[in-house]
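# Per-entry structural report
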Amino acid sequence: MQRLLTDRTYLMCPNMAFGLAFEVSLPLEEERVCRTLDMLAVSHPLLRSKVSARDARKPGLAPDYVYDVGDASLVALASGTTPMEDFERVTSSPWDLLGDGLLKVFIYPSGPSDGTEPRFGVLFVAARLLGDGRAIASLMLQFADAYATGEQPPLVEDPTIGSADDLPAQARLTGVPAVVARRLNRAWEREATGYGYADYL
């Protein structure tokens, strides 16, 4: 498990998500889709993760939030209606990151587009905690490759932030912003107001 230092940003925006739609130029086999998603979950520990709350370090403060990595894939798979409708439906209501996984996948059996080449559509809707747009695009390409070849993608050590030392050097605040951030953090601790994830849903 890794502690998240973003409990007041990403977690207070439960609908912060990316949607990427794509086509795979191969016949649709639902069992093969499930197998491929399971292979991805083996290679990407965050696809087996949900967010869990741990007791706060100080009384009265919000709990710490951690990735709780399990053994099984938590990717939700469903047959889709249309990519836009499904994306709007998923993102129009709060995404319970404490109960659900970080990726929802929809499949669209579109059939042969020109009468010769079988193909199907896929929509990935990913919670922002899973990655940014480029990371989700990379995951999408790995899915397509693994579906085509049946080969296990390489294990990815998804970097999670366990302490301030894990942040890139360019992310460190300097000068006036650093002073303001320290002052606000101290004031928040003195407030002892424990906003948890449920308060934002």
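One can find the structure itself at the top, above this paragraph.
Below is a short write-up of the structure. This one's a predicted model, so the numbers in the text were calculated from it and none came from an experiment.

With that out of the way, let us pick up the packing of aromatic side chains. The tally for this structure, following the rule as stated, stands at five aromatic pairs. Arranged with centres 5.4 Å apart and planes meeting at 85 degrees, the rings of Phe22 and Phe124 form a pair that is edge-to-face. Placement of the pair is Phe22 in strand β2 (residues 17–24) and Phe124 in strand β7 (residues 120–127), with a sequence separation of 102 residues. Owing to a relative accessible area of 13%, Phe22 belongs among the buried residues under this scheme. On the basis of relative accessibility, which here comes to 0%, the residue Phe124 falls in the buried class. Consider the rings of Phe120 and Tyr147, whose centres lie 5.1 Å apart with planes at 65 degrees: the pair is edge-to-face. Residue Phe120 is located in strand β7, and its partner Tyr147 is located in helix α3 (residues 133–149); the two are separated by 27 residues in the primary sequence.

The subject of this paragraph is the sheet that holds strand β5 (residues 76–79). Reading across the sheet, the four strands line up as β2-β7-β6-β5 and stay open at both edges, with mixed pairing between neighbours. Edge positions in the open sheet fall to β2 and β5, since each of these has one partner strand only. Pairs of neighbouring strands in the sheet enclose a mean axial angle of 20 degrees, with direction left out of account. Where β2 meets β7, eight bridges bridge the pair, whose relative direction is antiparallel.

Quick look at the pattern of salt bridges now. Counted under the stated rule, the structure contains five salt bridges. The salt bridge involving Glu31 is made with Arg35; its shortest N-O contact spans 3.4 Å. Of this pair, Glu31 and Arg35 both sit in helix α1 (residues 30–43), four residues apart, which is roughly one turn of the helix. Residues Asp100 and Lys104 are paired through a salt bridge, measuring 3.7 Å at the closest nitrogen-oxygen approach. In this structure Asp100 comes out as partly exposed when scored by relative accessible area, which is 32%.

A word on the nonpolar core. One finds Leu47, Leu103, Val122, Phe124, Leu130 and Phe143 to be the most contacted residues of the largest nonpolar core, which totals 33 residues. For this core, the secondary-structure elements that each account for two or more residues are β2, α1, β6 (103–108), β7 and α3. Among the elements that line this core, the one with the most residues is β7, at seven residues. Leave out the neighbours within four places in its chain, and Leu130 touches Leu46, Leu47, Leu102, Leu103, Ile136 and Leu139.

There is a patch of like positive charges on the surface, built from Arg182, Arg183, Arg186 and Arg190. With respect to the helices and strands, the residue Arg183 is situated in helix α4 (residues 175–191).

A few words now on the packing of α1 against α3. Between α1 and α3, whose axes approach to 9 Å, the crossing angle comes to 125 degrees. Classed by the angle they form, the pair α1 and α3 counts as oblique. The element α1 and its partner α3 pack so that their crossing is right-handed. Touching Arg32, Val33, Thr36, Leu37, Met39 and Leu40 of α1 are Leu139, Gln142, Phe143, Ala146, Tyr147 and Ala148, all from α3. Its residues assigned to classes, the contact of α1 with α3 comprises nine nonpolar, two polar and one charged.

Conventions adopted
- What you see as residue numbers is a count from 1 along each chain, following the sequence as written.
- Where totals are concerned, whole chains, interfaces and linings use all residues; where local detail is concerned, this predicted model gives features only for residues with pLDDT of at least 70, and gives and counts side-chain atom pairs only at 80 or more.
- Only heavy atoms go into the side-chain values, all of them from the structure, while hydrogens and water stay out.
- In summary, the pairing rule links any two rings of Phe, Tyr or Trp, Trp by its six-membered ring, whose centres are within 6.5 Å, and it sorts them by plane angle into stacked for under 30 degrees, edge-to-face for over 60 and tilted for everything else.
- A helix here means a DSSP run of H or I that spans at least four residues, while a strand means a run of E at least two residues long, and both kinds are numbered starting from the N terminus.
- Relative accessibility under 20% of the residue-type maximum defines a buried residue, over 50% an exposed one, and the middle range a partly exposed one, all with a 1.4 Å probe and only protein chains included.
- Between any two strands, at least two bridges found by DSSP are needed for them to pair.
- Each axis is a line fitted through C-alpha atoms, and for a helix only the stretch in contact is used; angles between axes span 0 to 180 degrees, taken between their N-to-C directions.
- We define a salt bridge as a side-chain nitrogen of Lys or Arg found within 4 Å of a carboxyl oxygen belonging to Asp or Glu.
- In this text, buried Ala, Val, Leu, Ile, Met, Phe, Trp, Tyr and Cys residues form a nonpolar core when linked through side-chain atoms within 4.5 Å.
- Any two residues whose heavy atoms approach within 4.5 Å at even a single point are treated as in contact.
- Within this analysis, patches are made of residues with over 30% relative accessible area and no salt bridge. Like charges are joined at 9 Å or less; nonpolar side chains (Val, Leu, Ile, Met, Phe, Trp, Tyr) at 5 Å or less.
- The accessible surface values rely on the Shrake-Rupley method and a 1.4 Å probe; as for residues, cover is taken only from the protein chains in view.
- By the counting scheme adopted, Arg and Lys are positive, Glu and Asp are negative, and His together with the chain ends is not counted.
- Where a charge sits is defined by one atom per residue type, namely NZ (Lys), CZ (Arg), CG (Asp) or CD (Glu).
- Geometric relationships in this document are graded by angle, where less than 35 degrees denotes roughly parallel, more than 145 denotes roughly antiparallel, 65 to 115 denotes roughly perpendicular, and other angles denote oblique.
- Crossings are sorted by hand: turned counterclockwise from the far helix by less than a right angle, the near helix makes the crossing left-handed, and turned clockwise it makes it right-handed.
- Classification convention: Asp, Glu, Lys, Arg as charged; Ala, Val, Leu, Ile, Met, Phe, Trp, Tyr, Cys, Pro as nonpolar; all other residues, Gly among them, as polar.

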